[in-house]
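An overview of the molecular structure
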Amino acid sequence: MEQPINSVHNGSNSLDNLEHLLKEAEENWQVLMAKDSVSALDIALPFLDRTSVGMASQYPEFKELERNLFNGLQNVVFENFNAFNDSVAAYQVTREKIGKSQNIIKEINGTLEQSGKDIMSNKEILKELNNNSQKYEQIIETLDQIEILRKKNVEIEALIDKKAFYKVERLLAESWDICNQYNLNELESLSHIKENLEVQSNNLVELVVEELHSIIYLKNIKRQEETHEELKTYKKIKDFLFKFENNYNFFDMINKEVAFIDNDYEYVYLLLKTLKNLNSLDETLNSLKSRLSTELQFLFNSIQEEIKSSNGKNIQVANLDMTDLDSFGISDIGNSVLQSFFSRIFNRCCHVLEFLLVTYKISEIVSENSNCKLNFQFSDLWDIFSAEISNLMLAYISKSESSDKSQHSNDKHMFQFNSLDFKNTKAETFSIDLQSILQDLFPNYDLKNPITNSVYIKDDFSVNKTTLIPPNVFNMSVILNNLLQFIHLSLQLVSIVANEKIDPALLCDRFMETAFLPRLQHLLDGIFQSLFKDGTVDTESYHNVFKTFFSKVCDILNTSIIYKSEYVRIILKLLNKMSSLYSECFNKHFGGTGKNTKTVQLVVNSSLRNASKIQDFAAETSILLSNNFMGQVTTRDFLTDEELTQLIKLLTSIDRMLEWLLPMRRVGSSLNQDHSNDNDEKVDFLKDKWLFLEGSPISTVLLTFSKDSVVEFDSQVDTFYKLMTDIKLILRYDLRLKIGYFVSQMFLTETWLLPYERNRPSLLIESLNKKILQIDHLLTNRDYKTFVFQGVSSFANKLFIKGASDIVALNEHGIGKLYSNIIILQQVLRTLVDDPDEINFSSCINYYEMFKKTDKGIVDQVSRGENRYSYEENAQMIKLYFSEGLSKQMNTGKKMSFGADKRCEESIQALKNLYK
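Cut-offs and rules
Residues numbered from 1 in each chain as written. Predicted model: local features only at pLDDT ≥ 70, side-chain atom pairs only at ≥ 80, totals over all residues. Heavy atoms only, no water. Helix = DSSP H or I, 4+ residues; strand = E, 2+ residues; numbered from the N terminus. Buried < 20%, exposed > 50% of the residue type's maximum accessible area, 1.4 Å probe, protein only. Areas by Shrake-Rupley, 256 points an atom, 1.4 Å probe, with all protein chains shown as cover. pLDDT = per-residue confidence, 0-100. Contact = heavy atoms within 4.5 Å. Phe/Tyr/Trp six-rings, centres within 6.5 Å; stacked < 30°, edge-to-face > 60°. Arc of directions from axis to C-beta. Polar contact = N/O pair within 3.5 Å; in protein donor to acceptor, adjacent residues only side chain to side chain. Core = buried A, V, L, I, M, F, W, Y, C linked by side-chain atoms within 4.5 Å. Domains from an automatic or database assignment. Patch = residues over 30% accessible without salt bridge, like charges linked within 9 Å, V, L, I, M, F, W, Y side chains within 5 Å. Salt bridge = Lys/Arg side-chain N within 4 Å of Asp/Glu carboxyl O. Lys, Arg positive; Asp, Glu negative; His and termini not counted. Charge placed at Lys NZ, Arg CZ, Asp CG, Glu CD.

**A word on the overall build of the protein chain**
When helices and strands are tallied, the protein chain shows 33 helices and 2 strands. A burial count over the protein chain gives 43% of its 916 residues as buried. When the accessible surface of the protein chain is split by element, carbon and sulfur atoms take 50% of a total near 51,300 Å².

**Things to note about the confidence of the model for the protein chain**
Summing up the model confidence of the protein chain, the mean pLDDT is 79 and the portion of residues at 70 or higher is 78%. Counted against residues more than four places away or in other chains, residues 1–9, with its pLDDT under 50, gives 4 contacts.

**Description of the packing of aromatic side chains**
Aromatic ring pairs are described here by two measures, namely the spacing of the ring centres and the angle between the planes. Counted under the stated rule, the structure contains 37 aromatic pairs. Plain terms: the ring middles of F342 and Y396 are 5.3 Å apart, the flat faces sit at 80° to each other, and that makes the pair edge-to-face. Here Y396 lies in helix α13 (residues 378–397) and F342 lies in helix α12 (residues 332–369), a separation of 54 residues in the sequence. Ring centres of F747 and F800 lie 6.1 Å apart, and the angle between their planes is 70°; on these two criteria the pair is classed as edge-to-face.

**Topic: helix α20 (residues 606–613)**
All of the buried residues along α20 are L608, A611 and S612. For α20, the arc enclosing every buried residue in end-on projection is 100°, short of the 170-degree limit, so these residues lie on one face. In α20, those exposed residues whose orientation departs by more than 90 degrees from the buried face are S606 and K613. Sitting at the amino-terminal end of α20 is N605, which places a side-chain oxygen 3.0 Å from the backbone nitrogen of S607.

**Some words on the nonpolar core**
F385, M476, F486 and Y848 are the most contacted members of the largest nonpolar core, which totals 224 residues. Per element, the largest residue contribution to this core is 19 residues, and it comes from helix α24 (residues 710–749). Counting residues domain by domain, this core receives three or more from each of domain 2 (163–397) and domain 3 (727–915). Filtering out sequence-adjacent residues up to four positions away, F385 remains in contact with L292, L296, C349, V352, L353, L356 and F486. By size, the runner-up hydrophobic cluster in this structure holds 5 residues, among which are A25, W29, M55 and L65.

**Thoughts on a negative patch on the surface**
There is a patch of like negative charges on the surface, built from D680, E681, D684 and D688. In this fold, D688 is placed in helix α23 (residues 679–690). Judged by its relative accessible area of 30%, D688 is partly exposed.

**Some points on the environment of S670**
In this structure, S670 sits in the loop between β1 (665–667) and α23. The exposure class of S670 is partly exposed, given its relative accessible area of 44%. Separated by 39 residues in the primary sequence, S670 and S709 have C-alpha atoms spaced 9.7 Å apart. Sequence-distant contacts of S670, that is, excluding residues within four places in its chain, are made with Y563 and S706.

Here it is as structure tokens:
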């Protein structure tokens, strides 16, 4: 029954009032309502307490609150009574409906239980029928899939014959999917299917890998004679990679027969894609790297066999007793064979490098698209590639070393039991048993002497065991042209992998510097040694032999036009060896170990050398005659006839060598090395730097230097000049030692107080003249003779004047004897020089002429300034003037008269006063 709106609102108001009263009680009477449970006694007691702490005074307020609450509750009951009655009535109606619904549900539940019992009664029969049906379906479907696999297997065999490897891989993938989908792998009776698929997958990997290697290494005969045009090859690769990197749709080719794929790069892509799908790409690339060395060696050997079969007779002729020392260069036949071989080698190397690069770049892009990275760089392949080429070239220029450095050495022994000591240990018995087992395994290997044989299996295959023609350093002249053509193409190709620092030009530079140059130097050193073996060549002929050798080397190395620093360095070493040879010859005949003659002392005297150099003959003579040096000279200080002869021959040889060597000197510009961005310039630079045996456009053989390097050549020439200067000084000082010795001995041994006049010269002067004539006979060069004899007058004049101090007594007949010896020596010397007036002994003749002027005449001459001699020299002449009287006094025992004695002393004193 619906209630009026006002009653509802009134009910709501009574409830609001009651709520307001309760909130007011909570706020104002918190003391009484703070506890969880409050009894009536707890409320009453405070209201009975009339003290200041009691609540008796608040009791009326409490009573008022009680009345309000009572009235409020009563109003709520009155106002909401009707609504409560309505709610009770609605509850009764709802309860009746729920009861009816429960009865209906019970009926439905009973029906369901009965249906379940009916179904359960036929379950086993239905289950059996269902299982049988599924089993038959599976058998039929399995048989269908086995038939599909059989057909696919036949199709795979056919596609393999056609080399349609990519389609084979697709069919195998489909076959594997069928096996996995229908669980064929789990059926023991069908295990052969899985095994067959595994075998086919493995075989496919091997076939694809071998096909890839066949393409790279030209194992297809039809491809072997293809030549490579550099720009065409480079452009072809760039175009292909551009299309490939820009999502070129290679899958358009999948439905084509492989025989119609005319692009080798696309075919390589299909092979690599196949390997990628077979999860074998990484393994294949690793094998590509590991097999590169062996494959290249097989390639080189196969080309060698091709050349042998087509050039058999030429090879036999080229191998006839040809050695490095027999000739420079190689024969025309050898040249032809070598040209054919290396032309083919580098042509096929270009192909290999081309497809290695394409394979690498495709693999790199495929791996990047699969979020993978290759585990090596193309530079790794290039290092192996260049090493094998270097080994091959090395085999043809050197016969003293094994060029197969890519093979692992078998010298490191894995087993060497004799170095182990098992004595007195438990391992001794086990060691004996193990050695016995190993001896059975390796019957030819001696465990007690492991050096004799090796447990390693030696690989019979090795590149360059034999060469087509004998190894020769000069074979490099033929190899180099082909190498540079290969490098030119390589520079184009490796630019495609610009992110890697690969410079094919270094292959040429490094090989030439580390392999060719040392062997060339060794060869030339050997030839030099053979040319100048002890006693085979006379010293005088050194220059002719060296000229032939040196000019030939310069001609071969093409030094006439362009400065080639490496070759010039070798040539300068040869020049240095010649300098050393001359020095050894010089030391052998003059400066031997421990030799310290007067001549050696003079040569090392810097003041004397300088005086001789500037032609200060007075200073030179002063040094030679100082400290009684000539008085200490003996015949042992003279050059022997053999030494004299050999030194003059050596001097002549050096001089004649410089006559042809100096005109060869040419200063040119250095090679331009600024070619970093131009491949053509790089190759041209290598040509200018390394090519030899090319022939010179000019007939004259020259040696071209740069402005910097010519300094070293000039330094070498200065060494020759210094050696020549030393030899000329030795000859010059030897002449003066001989003159000094014989003249000094003449004054010491001859008698100068003669009873009568004697015109016969001294035997010592005659011996001296023979020595002088011998020197003149050997000195055929006018300039050398001038150097040796120049200034001898100054020396001889002073020597004769100095000899006066060795005369004990002198008279007019002795003066005549002196004149005779001086004039004879002067005449001999005058016949030997170009200008006889240069030999002038007037100074010493005038000196002894003063003997006739008496003591007074000498003093008067000095006082008038007409005397050019020193005080000591004039004083000695005064003494000699009185020496005859002194000699007679000594012989007779009579004293000299007081007047003569006083006169001698007074004259010397007067002379002394004049020099103050």
